[in-house]
Amino acid sequence: MSENLDLVRAIYEAWERGDFSSTEWADVSIEWVTADGPAPGAWRGVAGMRGASRDWVNAWEDYRVQAYEYRELDAERILVLFRYSGRGKVSGLELGELAMNGAGVFDVREAKVTRLVAYWNRERALADLGLTAEDDAN
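Residues numbered from 1 in each chain as written. Predicted model: local features only at pLDDT ≥ 70, side-chain atom pairs only at ≥ 80, totals over all residues. Heavy atoms only, no water.

### Quick look at the layout of surface pockets
For the record, the criterion: With a 1 Å grid spanning the protein atoms alone, the term cavity applies to any set of points in which a 1.4 Å probe fits but cannot get out, the term pocket to an open set with protein on both sides within 12 Å along at least five of seven lines, and the term lining residue to any residue with an atom within 4 Å of a point. Grid points are joined across faces, edges and corners, and a volume is the space filled by probe spheres set on the points. Secondary structure counts use DSSP, requiring at least four H or I residues in a row for a helix and at least two E residues in a row for a strand, with both numbered from the N terminus. Each residue is assigned to one class: nonpolar for Ala, Val, Leu, Ile, Met, Phe, Trp, Tyr, Cys and Pro, charged for Asp, Glu, Lys and Arg, and polar for all the others, Gly among them.
Of the volumes computed, that of the largest pocket is approximately 560 Å³. Around the largest pocket, the lining is made up of 30 residues, and of these W32, A52, S53, W56 and V57 lie nearest the centre. The set of elements that each furnish at least two residues to the lining of the largest pocket consists of helix 1 (3–16), strand 1 (26–34), helix 2 (45–57), strand 3 (60–72), strand 4 (77–88), strand 5 (101–109) and strand 6 (112–119). Tallying contributions element by element places helix 2 first for the lining of the largest pocket, with 8 residues. Counted by class, the lining of the largest pocket contains 20 nonpolar, 7 polar and 3 charged residues.

### Side note on the packing of aromatic side chains
Stated precisely, the cut-off is as follows: Stacked, tilted and edge-to-face pairs are distinguished by plane angle, under 30 degrees for stacked and over 60 for edge-to-face with tilted covering the rest, among Phe, Tyr and Trp rings (Trp via its six-membered ring) whose centres lie within 6.5 Å. Working definition: with a 1.4 Å probe on protein chains only, accessible area under 20% of the residue-type maximum means buried, over 50% means exposed, and in between means partly exposed.
Under the criterion given, the structure shown has 11 aromatic pairs. Residues Y63 and Y84 carry aromatic rings whose centres are separated by 6.2 Å and whose planes lie at 40 degrees to one another, so their mutual orientation is tilted. Of this pair, Y63 sits in strand 3 while Y84 sits in strand 4, placing them 21 residues apart in sequence. With a centroid separation of 5.1 Å and an interplanar angle of 80 degrees, the aromatic rings of F82 and Y84 are classed as edge-to-face. One exposure class covers both F82 and Y84, and it is buried.

Here it is in structure tokens:
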């Protein structure tokens, strides 16, 4: 297993517990991209990433992401397929009931994540990467 894969797995271990506080894994000039979903956009730097993710996470009770597959796309990119769960604080919407399957693409250089693209829609992530549904076992 590569060091980059180990790093991404460690990030998800914390996120699966609902702990989104650490940013030690992020490069100081990280590019954080939300490719789709209700609030797409791009932010730069750790402060930008924190602001974007804090706003999202704070809208939910018991928000979690559970990784179910990791793929090394090349020497610097890791694809993670995951499921969302949580309950909207205002709406009461249960993400788990919607079978929300997302994806994240991590660019890692020198033991730091330099870019993270988050997808609400796993199929869009696969399409953007040139992968087909047959490439997706889940």
